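In case you want the letters, here they are:
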Amino acid sequence: MLADKLRSVSQQVVPPSGDLTFIGSSTPARLTSTSIVVTKPTDVASGDLLVVYVANDNSRTVTVPTGWTGQFDNTDLAILTRVVDGTDGVSYTFTLSASASIVASLVAFRNASFSLLGTVGGGDLSPSITTTVSSFVLDYCFKTGGGGGLVTLSPGWFNLSELPSATGLSGTLIGRQYLAGATGDISLTFGGAGRDSILASIASTGTIAARFVAVAHGSSPYISVYPFLENAGFGQKMNNPATLPGGTGNSVAFTASGDAIAIAHNTSGITAYPWSIDGFGARFTNPATMPVGTGLSVAFNDAEDAIIVGHSTTPFISAYPWSTSGFGTKYANPVSVPAAAGNGVSFNPGGAYVAVAHAAGVGQPCVSVYPWSAGFGAKITPSGTQLGSPCYSANFAPDNSAIAVSGNVTPYVAGYPWSGSFGTRYADPATLPPGSSDTIIFSPSGTTVAVAHSTTPFISAYAWSGGFGSKYADPASLPGATGRGTVFSDTEQTVFYVSTSTPFVAAYKWSSGFGNKYANPTTLPSAGALDVAFCKITL
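Rules used in this analysis
- Residues numbered from 1 in each chain as written.
- Predicted model: local features only at pLDDT ≥ 70, side-chain atom pairs only at ≥ 80, totals over all residues.
- Heavy atoms only, no water.
- Pairing = 2+ DSSP bridges.
- Helix = DSSP H or I, 4+ residues; strand = E, 2+ residues; numbered from the N terminus.
- Axes fitted to C-alpha atoms, helices over the stretch in contact; angles between N-to-C directions.
- Buried < 20%, exposed > 50% of the residue type's maximum accessible area, 1.4 Å probe, protein only.
- Disulfide = S-S within 2.5 Å.
- Phe/Tyr/Trp six-rings, centres within 6.5 Å; stacked < 30°, edge-to-face > 60°.
- Lys NZ or Arg CZ within 6 Å of the ring centre and 35° of its normal.
- Salt bridge = Lys/Arg side-chain N within 4 Å of Asp/Glu carboxyl O.
- 1 Å grid on protein atoms, 1.4 Å probe; cavity = no way out; pocket = protein on both sides within 12 Å on 5 of 7 lines; lining within 4 Å.
- Points joined across faces, edges and corners; volume = space filled by probe spheres on them.
- Nonpolar A, V, L, I, M, F, W, Y, C, P; charged D, E, K, R; others polar.

## A short note on the sheet that holds strand β33 (residues 413–417)
Move 1: If you trace the three strands from one edge of the open sheet to the other, you get β31-β32-β33, paired in antiparallel fashion. Looking along the sheet, the strands with just one partner apiece sit at the ends: β31 (391–396) and β33. Taking each pair of neighbouring strands and ignoring which way they run, the sheet shows an average axis angle of 15°.
Move 2: Relative to strand β32 (residues 402–407), β31 is paired through five bridges, and the arrangement is antiparallel. Note that in β32 the partner of N395 across the bridge is A404.

## Description of the pairing of strand β39 (residues 494–499)
Move 1: Along β39, six of the six residues are buried, which leaves the element largely enclosed by surrounding structure.
Move 2: Hairpin connection between strand β38 (residues 483–488) and β39: a loop of five residues separates the two successive antiparallel strands, and E492 in this loop has a positive phi of roughly 65°.
Move 3: Bridging between β39 and strand β40 (residues 505–510) involves five bridges; their strand directions are antiparallel. Along β40, the bridge assignment pairs V498 with V505.
Move 4: Between the end of β39 and the start of β40, which pair antiparallel, lie five residues, with F504 showing a positive phi angle near 75°.

## A short note on the state of the cysteines
Move 1: This model, assessed by the stated rule, comprises one disulfide.
Move 2: Between the sulfur atoms of C366 and its disulfide partner C391 the distance amounts to 1.8 Å. Of this pair, C366 sits in the loop between β29 (353–357) and β30 (367–371) while C391 sits in strand β31, and the two are 25 residues apart along the sequence.

## Some points on the sheet that holds strand β27 (residues 326–327)
Move 1: Judged by pairing direction, the sheet is antiparallel, and its four strands sit side by side in the order β24-β25-β26-β27 without closing on themselves. For this open sheet the edge positions go to β24 (295–300) and β27, each flanked by a neighbour on one side alone.

## So, the packing of aromatic side chains
Move 1: Here the structure, examined in full by the defined rule, presents 36 aromatic pairs.
Move 2: Centroid distance F228 to F496: 4.8 Å. Interplanar angle 80°. Geometry classified as edge-to-face. Of this pair, F228 sits in strand β18 (residues 223–229) while F496 sits in strand β39, and the two are 268 residues apart along the sequence.
Move 3: For F496, a relative accessible area of 0% corresponds to the buried category.
Move 4: Between Y472 and W510, the aromatic rings sit 5.1 Å apart at their centres with planes inclined by 85°, giving edge-to-face as the arrangement. Here W510 lies in strand β40 and Y472 lies in the loop between β37 (468–471) and β38, a separation of 38 residues in the sequence.
Move 5: By relative accessible area, which is 6% here, W510 ends up buried.
Move 6: By the ring-pair criterion, three or more aromatic residues cluster together here, those being Y226, F228, F234, F496, Y518 and F534.
Move 7: Between R176 and the ring centre of Y178, over which it is positioned, the NZ or CZ distance is 4.6 Å.

## Here's the deal with the pattern of salt bridges
It is possible for side chains bearing opposite charge to pair when their charged atoms get close.
Move 1: Applying the stated criterion across every chain yields a total of nine salt bridges.
Move 2: Note that D85 is salt-bridged to R82, the shortest N-O span being 3.4 Å.
Move 3: A relative accessible area of 46% places D85 in the partly exposed class.
Move 4: Overall, the relative accessible area of 8% leaves R82 in the buried class.
Move 5: A salt bridge links R211 to D490, with the nearest nitrogen and oxygen atoms 2.7 Å apart. Remark: D490 occurs in the loop between β38 and β39 and R211 occurs in strand β17 (residues 209–217); sequence separation between them is 279 residues.
Move 6: Judged by relative accessible area, R211 falls into the buried class, the value being 17%.
Move 7: Each of R82, D85 and D88 takes part in a single network of salt bridges with overlapping partners.

## Some words on the layout of surface pockets
Move 1: Roughly 1,400 Å³ of volume is contained in the largest pocket.
Move 2: Lining the largest pocket are 47 residues; nearest its centre among them are S346, N395, I441, V487 and V532.
Move 3: Taken together, the elements giving at least two residues each to the lining of the largest pocket come down to β20 (249–254), β24, β28 (344–347), β31, β34 (437–442), β38 and β42 (529–538).
Move 4: The dominant element in the lining of the largest pocket, judged by the number of residues it contributes, is β42, at seven residues.
Move 5: Across the lining of the largest pocket, the residue classes tally to 26 nonpolar, 15 polar and six charged.
Move 6: Its boundaries defined by the atoms lining it, the second largest pocket holds a volume of some 600 Å³.
Move 7: What lines the second largest pocket is a set of 29 residues, and nearest its centre among them are T21, F22, E230, N231 and Q493.
Move 8: Among the elements of the structure, β1 (21–26), β7 (91–110), β17, β18 and β40 are those that each provide at least two residues to the lining of the second largest pocket.
Move 9: Class assignment of the residues belonging to the lining of the second largest pocket gives a composition of twelve nonpolar, ten polar and seven charged.

Structure follows, in structure tokens:
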């Protein structure tokens with residue numbers, strides 16, 4: 001057993017500079033042989049770190065190939081690393097000292113270094129961890145006997161590679177981000193006999209970040225949050241908050257730093273919590289003056305010192321000071337309130353303006369913008385031909401040069417130049433969204449707008465450059481029902497979408513167009529989803 005041969009190993013990590021990035025994984029089929037071939041993951045480049053785990057069921061050692069470094073070998077499991085140098089082929093061969101049943105898992109990281117943290121065996125699968133730097137911790141779980149070999153993930157963990165077996169050797173590689181100085185046990189459920197677990201750390205002196213996707217939805221717990229790792233996908237759903245929001249989650253927002261999350265919902269309007277890589281903290285005390293009616297939308301400003309809530313009853317928007325202690329005393333209402341319920345709210349980058357999407361009379365503006373400086377200024381509305389009422393969302397371009405609006409009446413979307421006032425409305429897209437559009441959002445670079453809407457294909461994306469460009473091709477695997485929300489990741493490599501039909505949330509790779517759809521989360525939201533938010537927490 002692994003634990004009998006090595007109980008604990010640790011070393012100080014001295015990582016290279018750069019942003020730690022997961023590139024991909026490769027897992028060949030189990031076989032009985034003297035060697036196993038592992039394919040190099042797609043998009044690996046010179047300088048990337050490869051880590052391979054090779055396990056066997058008959059106490060064989062692994063010959064360390066040229067260019068690889070042996071990090072550990074106890075005759076049950078070998079761990080080897082390699083820095084890609086441009087001489088690599090498309091695959092790697094690992095040879096045992098004699099024939100045995102073999103499984104292998106290879107993962108690739110950019111701007112990374114490797115160290116062992118510790119090992120556990122003999123049926124104890126709650127390994128203790130202490131991290132010296134913020135890092136991505138890997139845990140390889142393998143078994144030599146029967147029993148399935150499936151790992152049930154704890155909240156926040158990602159399944160990077162899984163090769164289960166009901167009768168013989170199996171291996172599963174899992175991982176998640178940890179802060180420097182993190183201590184405690186990793187709780188695992190791992191079926192099978194002859195089980196062992198070994199921990200390793202992947203670290204970098206550059207930015208290490210954890211990313212999360214929050215989904216507001218229609219039944220308890222009303223909010224579901226998932227870790228997300230690009231090139232891997234959704235991780236295990238985070239635990240629900242101890243105190244749930246009061247009803248249907250209509251909208252969700254994170255602060256820019258990811259240290260708080262707010263949900264606008266039915267019944268009492270707004271709920272907010274501290275947020276960290278470990279999930280929800282204790283609910284903040286509700287504001288002394290609550291929004292009136294149903295909470296429909298919510299947004300924080302970039303400075304994280306204000307929060308605004310759109311709601312169903314006049315004055316239709318309510319704003320509060322915000323701090324790490326939660327809500328402050330409600331700001332005075334705007335002198336001229338929106339014409340109807342605040343269906344969508346947003347701050348512009350920099351926080352100098354607040355946009356509100358709402359209903360309005362025929363021919364009247366269904367978007368209003370207010371200057372913001374610790375309170376509402378005088379309302380600004382567009383002139384000319386208006387998008388038909390009601391409007392559902394309004395969001396600014398990242399460079400503040402434009403504002404985009406979506407709504408219920410064809411052409412369903414509109415865009416305007418923005419310079420502290422509305423310019424002349426841009427031409428409509430040549431190919432319109434096919435139905436009522438709940439959300440329009442800019443990509444972080446401002447070169448794309450994505451629209452979640454009713455009617456297939458349920459999500460549409462357009463090039464943007466001073467107006468709507470060509471529509472991108474639809475995803476190869478379409479979402480299943482009416483789109484309610486969409487958002488890009490900070491890297492612009494992923495676009496998320498939520499809908500009223502199972503699986504309720506989806507993620508697609510993005511590179512000037514839709515790529516492959518990621519696998520659905522293991523635990524889906526409990527009902528139709530109404531909004532989605534994304535955050536990056538720098539560790």
